[in-house]
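# Observations on the model geometry
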4 protein chains.
Amino acid sequence: MIVPALITPFDTAGRPDAGALQALIDRLAPQVDGFLLLGSTGEAVTLAPDERAALLAGVRAPGPVWVGIGDESLALARRHAEAAVAQGAERLLAMPPRFFDRALDPRAFQVYFEGLAELGEVWLYHVPVFTKMSFPVEVVVELARHPRINGIKDSSGEMARLEHYRRFAPGLRVFTGSGTTLPAAAASGAEGAILAVGNLAPRLFARVFSDARAGRADARLAGLAYETAALVGRGGVVLLKQMLRHLGLPAGVPRAPLPETSPLWPEAEALLARLQEEGWLL
Amino acid sequence: MIVPALITPFDTAGRPDAGALQALIDRLAPQVDGFLLLGSTGEAVTLAPDERAALLAGVRAPGPVWVGIGDESLALARRHAEAAVAQGAERLLAMPPRFFDRALDPRAFQVYFEGLAELGEVWLYHVPVFTKMSFPVEVVVELARHPRINGIKDSSGEMARLEHYRRFAPGLRVFTGSGTTLPAAAASGAEGAILAVGNLAPRLFARVFSDARAGRADARLAGLAYETAALVGRGGVVLLKQMLRHLGLPAGVPRAPLPETSPLWPEAEALLARLQEEGWLL
Amino acid sequence: MIVPALITPFDTAGRPDAGALQALIDRLAPQVDGFLLLGSTGEAVTLAPDERAALLAGVRAPGPVWVGIGDESLALARRHAEAAVAQGAERLLAMPPRFFDRALDPRAFQVYFEGLAELGEVWLYHVPVFTKMSFPVEVVVELARHPRINGIKDSSGEMARLEHYRRFAPGLRVFTGSGTTLPAAAASGAEGAILAVGNLAPRLFARVFSDARAGRADARLAGLAYETAALVGRGGVVLLKQMLRHLGLPAGVPRAPLPETSPLWPEAEALLARLQEEGWLL
Amino acid sequence: MIVPALITPFDTAGRPDAGALQALIDRLAPQVDGFLLLGSTGEAVTLAPDERAALLAGVRAPGPVWVGIGDESLALARRHAEAAVAQGAERLLAMPPRFFDRALDPRAFQVYFEGLAELGEVWLYHVPVFTKMSFPVEVVVELARHPRINGIKDSSGEMARLEHYRRFAPGLRVFTGSGTTLPAAAASGAEGAILAVGNLAPRLFARVFSDARAGRADARLAGLAYETAALVGRGGVVLLKQMLRHLGLPAGVPRAPLPETSPLWPEAEALLARLQEEGWLL
């Protein structure tokens with residue numbers, strides 16, 4: 001089960017472009033199993049509240065649909081969650097507050113996520129490459145007891161975390177956000193993946209993931225998926241958008257001060273050629 | 001030269017309280033050399049744009065006044081900067097974007113800070129305990145060439161950084177944000193300090209800093225200042241507000257999910273008694 | 001394929017005890033697929049050269065046998081390697097020098113490991129929890145071209161590394177050293193595991209690993225293995241030896257200044273009871 | 001008070017060269033206030049016990065003389081300490097064990113350092129760039145109560161640590177090991193410095209340090225000292241030895257696998273010219 005962590009297209013004046021996003025969604029829809037809007041790949045942290053609302057109002061995606069929440073206070077998060085739910089979001093994918101991480105005890109995590117869960121179904125989001133914080137597995141296990149906290153997207157790539165969830169929170173639905181470790185995640189109990197590379201080559205990752213769930217491995221395909229995810233991981237949304245633009249997809253540019261192009265482009269161009277040749281691109 | 005990094009009082013419903021902030025400013029004004037509004041100690045990252053604007057409109061502080069900016073896109077930062085300048089902010093104290101830090105090359109820092117400098121005088125803000133990012137000294141040196149980027153608040157406590165500024169950016173005004181290392185900062189070329197503990201005991205820190213600038217050290221006072229700053233550093237804004245409330249000051253509570261009280265309170269209570277006895281408290 | 005990373009028993013005067021080690025080897029031999037002597041779990045970094053030599057001379061283990069090398073200079077490593085090979089070691093498991101890690105360029109790694117490979121078959125050892133250094137995958141791939149550098153024990157638990165080896169160094173034999181991520185490692189191409197918990201319950205880990213290689217998972221057993229490895233990982237050799245002593249095995253005590261007992265003992269005692277009940281203990 | 005952290009010359013066959021070391025000591029003696037032998041800059045971690053002993057037997061230095069100890073077990077450290085004391089070492093400069101750092105509780109530090117203090121006067125050594133471990137200030141304060149643990153060399157460059165010692169261990173003698181932060185260390189209570197750059201330009205650092213102790217600062221000299229220490233800090237012993245060789249001093253080469261030359265050499269050559277012109281070089 002592969003879900004793209006959708007990019008958010010910006011025009012060259014830096015404005016979010018809902019029309020372009022809708023066009024990308026329409027292209028992706030036949031090949032994916034749901035959508036994440038306004039996640040970290042969606043550069044949601046760069047958006048003002050009114051921009052978030054306008055984007056959600058301006059697109060329509062076949063479900064299930066997750067909408068990202070990533071604020072530093074419950075007050076702000078609830079504002080964003082209310083707006084998302086009003087637009088039909090089924091699941092809130094919420095990363096923990098992080099700026100004051102040293103002051104966040106287990107009770108603070110509980111206050112935050114349970115406060116959100118009053119507004120809708122909540123999925124936890126652990127993405128240390130961006131949050132630079134630890135999200136203790138014990139806290140996840142505790143939160144998972146709540147009837148409206150139903151899943152986690154774990155992008156850490158740390159499989160010991162997935163084993164911990166399998167052992168101590170067996171009811172928690174687990175999706176990985178790490179495209180470089182799909183076979184491992186499948187073996188460690190993940191049900192699906194929500195991926196930046198889902199914007200680019202969803203069928204390749206779906207294949208590698210389903211192979212792994214079935215106890216198979218095609219080393220060549222696994223290698224190709226690993227290479228693709230590793231490169232996009234290094235280049236981030238800057239490189240991903242550049243790759244999508246190269247394919248003629250309506251990706252727009254990153255929001256300033258992120259640069260428009262990546263120093264990794266030569267590697268990306270060569271990889272795109274191989275993916276194209278094998279028919280994996282969107 | 002000691003400037004408090006003002007807290008932002010919230011009422012128990014989580015609303016920012018400009019009246020309480022004004023009352024605190026009025027209490028502090030005779031003992032300090034300026035004010036920082038909406039910095040990290042001000043929990044500014046927890047505020048919505050309208051809440052920021054209302055706070056700035058609702059208070060008046062004798063200058064110089066710095067206003068904190070801490071966004072992830074230039075677009076958002078400019079919105080906040082424009083609102084601050086419209087309310088009379090003299091200096092923008094801007095921390096770098098950080099979420100996508102791996103994609104931020106020197107050019108991206110330049111785009112961001114020069115884009116802000118179109119709107120007013122900019123001071124850089126390096127506070128790795130919160131941003132969890134590096135802000136390379138070479139980038140600071142390069143930015144310091146800009147005619148409207150005039151200073152830096154460096155809270156890292158890394159004196160090699162201050163030596164680097166003194167050697168390679170001699171025109172840059174340097175304020176430390178690290179209360180535990182005041183004598184060191186004075187010896188390494190800092191002109192002043194912008195401090196969370198400036199809300200609590202500004203004269204003590206002013207004394208230790210001016211002693212150090214004069215090549216003196218009163219080991220007992222230096223020790224008391226160190227202890228105070230170290231404790232507030234560990235307990236953060238949660239403990240600082242609890243200490244201020246204990247003194248009857250209009251500090252309010254932290255914004256949820258931050259807790260209202262700190263596990264370090266027993267240590268704080270003992271320290272407050274000593275500070276009180278010696279007459280250092282606000 | 002499960003190989004114990006053997007502990008080294010010390011008597012209460014702190015002397016290594018080859019007789020006790022031989023007794024442990026004899027107990028383990030029927031249940032395991034080889035042995036690692038003088039690895040990190042073997043506290044080899046605490047031994048003087050003559051103590052290393054005496055231990056190797058004093059025991060005999062059915063093969064394949066790896067002997068750990070963990071020095072800071074090639075000169076010292078070669079001394080230890082020569083002594084090991086003279087005692088019949090088939091494979092040298094060598095961690096990189098680490099003290100001056102910032103000065104180690106790819107050429108330095110090459111000088112070190114190729115210098116060792118003149119003396120015998122070399123396996124690389126990546127164990128960042130102890131070395132606190134990065135061992136770049138690109139360097140591993142380059143070293144793997146050498147005809148006598150044949151394998152790696154990777155204890156990082158980072159499955160993206162294993163994917164990298166599978167993709168770019170397909171001839172390299174990969175053993176994991178991370179007991180908490182066995183199913184993941186199996187799915188990511190690992191052929192076996194060299195484990196501290198191999199001293200304690202080798203059949204449990206062999207079962208979970210072979211299940212995973214076959215595309216199966218018994219969630220209960222996987223959970224039990226995860227729990228055991230996670231606890232021993234937290235408690236380290238101190239806890240592991242305490243557990244082994246509790247079972248009447250000739251584990252001795254850790255070498256000072258490591259403590260003799262672990263604060264995690266209550267958790268361990270409960271877990272041992274469950275492992276015993278199910279018949280997994282040595 | 002400036003003490004060089006002596007390099008250890010190796011010949012091109014990788015053998016330590018006591019004669020070269022003696023020649024360097026003789027050159028340095030008139031300009032320095034003591035010597036550290038077999039410290040981290042001395043590449044002591046690369047030496048076998050017999051090599052350590054031969055070096056200590058082969059040189060004579062005017063005191064005070066510190067000898068470095070850096071082992072992973074008390075047994076090994078005591079062996080090395082006994083040999084050092086037998087050769088007349090006045091002070092043992094001992095870094096904590098680090099490989100199993102997660103298992104080291106305060107009691108373990110106590111066992112280790114008090115076990116050493118039975119053999120001679122002990123100075124603690126905190127050098128996180130090499131040990132990659134924390135050495136909690138609370139533990140240092142506790143150890144400082146011991147009648148034979150008299151000082152610390154703190155190379156962290158973290159002035160809050162120095163403030164902590166000044167406040168809570170006023171009897172502990174403090175030397176900094178960080179050449180980039182000399183003025184700060186002087187202002188924070190340090191009595192002297194034990195420095196790698198003490199091999200190269202001891203009088204420059206002595207001047208900057210004594211200026212700072214007197215509450216003066218010559219910004220140009222402070223800048224030159226900072227630049228020199230920062231460059232040698234980045235290039236490590238590899239660059240330092242290359243600089244010394246360039247000056248015709250008997251530095252030898254680093255021990256393999258450390259490279260013989262540094263990529264920073266062009267910067268170093270330019271800096272050496274300036275230091276020479278101003279007459280600061282040895």
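In this text, all values refer to a predicted model and were calculated from it rather than measured experimentally.

### A look at unusual backbone geometry
- Put simply, Ala256(B) and Pro257(B) share a cis peptide bond, and its omega is 10°.
- Structurally, Pro257(B) can be placed in the loop between helix H10 (219–246) and helix H11 (265–277).
- The backbone of Lys132(D) sits at a positive phi, close to 50°, despite the residue not being glycine.
- Looking at the secondary structure, you find Lys132(D) in the loop between helix H5 (128–131) and helix H6 (137–143).

### Structural notes on helix H2 (residues 49–58) of chain C
- Inspection of H2(C) places Glu51(C), Arg52(C), Leu55(C) and Leu56(C) among the buried residues, and these make up the whole buried set. Buried residues in H2(C), looked at end-on, bunch into an arc of 130°, giving them a common side.
- For H2(C), the elements touching its buried residues are helix H1 (18–28), strand S2 (35–37), strand S3 (65–69) and helix H3 (74–86) of chain C together with helix H3 (74–86) of chain D.

### A closer look at the side chain of Thr46(A)
- One can find Thr46(A) in the loop between strand S2 (35–37) and helix H2 (49–58).
- Classification of Thr46(A) by relative accessible area gives buried; the value is 1%.
- A polar contact is formed between the side chain of Thr46(A) and the backbone oxygen of Glu43(A), at a distance of 2.7 Å.
- When near neighbours in sequence (up to four residues on either side) are disregarded, Thr46(A) contacts Phe10(A), Glu51(A), Arg255(A), Glu72(B), Ser73(B), Leu76(B) and Phe100(B).

### Thoughts on the sheet that holds S2(C)
Residue and element names in this part refer to chain C.
- Reading across the sheet, the eight strands line up as S1-S8-S7-S6-S5-S4-S3-S2 and stay open at both edges, with parallel pairing between neighbours. One side of each edge strand has no neighbouring strand; the edge strands of this open sheet are strand S1 (2–4) and S2. Taking each pair of neighbouring strands and ignoring which way they run, the sheet shows an average axis angle of 30°.
- Bridging between strand S6 (residues 149–154) and strand S7 (residues 173–176) involves four bridges; their strand directions are parallel. Of the residues in S7, the one forming a bridge with Lys153 is Phe175.

### Comments concerning the packing of helix H7 (residues 159–168) of chain A against helix H10 (residues 219–246) of chain C
- As a packed pair, H7(A) and H10(C) sit with axes 9 Å apart at the nearest point and diverge in direction by 125°. Between H7(A) and H10(C), the crossing angle belongs to the class labelled oblique. Along this stretch, H7(A) crosses H10(C), giving a crossing that reads as left-handed. For the pair H7(A) and H10(C), contact is made by Ala160(A), Glu163(A), His164(A), Arg166(A), Arg167(A) and Phe168(A) and by Ala222(C), Gly223(C), Tyr226(C) and Glu227(C), respectively.
- Split into classes, the residues belonging to the contact of H7(A) with H10(C) amount to four nonpolar, two polar and four charged.

Parameters and conventions
- Residues numbered from 1 in each chain as written.
- Chains lettered and ligands numbered in written order.
- Predicted model: local features only at pLDDT ≥ 70, side-chain atom pairs only at ≥ 80, totals over all residues.
- Heavy atoms only, no water.
- Helix = DSSP H or I, 4+ residues; strand = E, 2+ residues; numbered from the N terminus.
- Buried < 20%, exposed > 50% of the residue type's maximum accessible area, 1.4 Å probe, protein only.
- Arc of directions from axis to C-beta.
- Contact = heavy atoms within 4.5 Å.
- Polar contact = N/O pair within 3.5 Å; in protein donor to acceptor, adjacent residues only side chain to side chain.
- Pairing = 2+ DSSP bridges.
- Axes fitted to C-alpha atoms, helices over the stretch in contact; angles between N-to-C directions.
- Parallel < 35°, antiparallel > 145°, perpendicular 65-115°, else oblique.
- Left-handed = near helix turned anticlockwise from the far one by under 90°.
- Nonpolar A, V, L, I, M, F, W, Y, C, P; charged D, E, K, R; others polar.

Interpretation in functional terms is not warranted from these geometric data alone.
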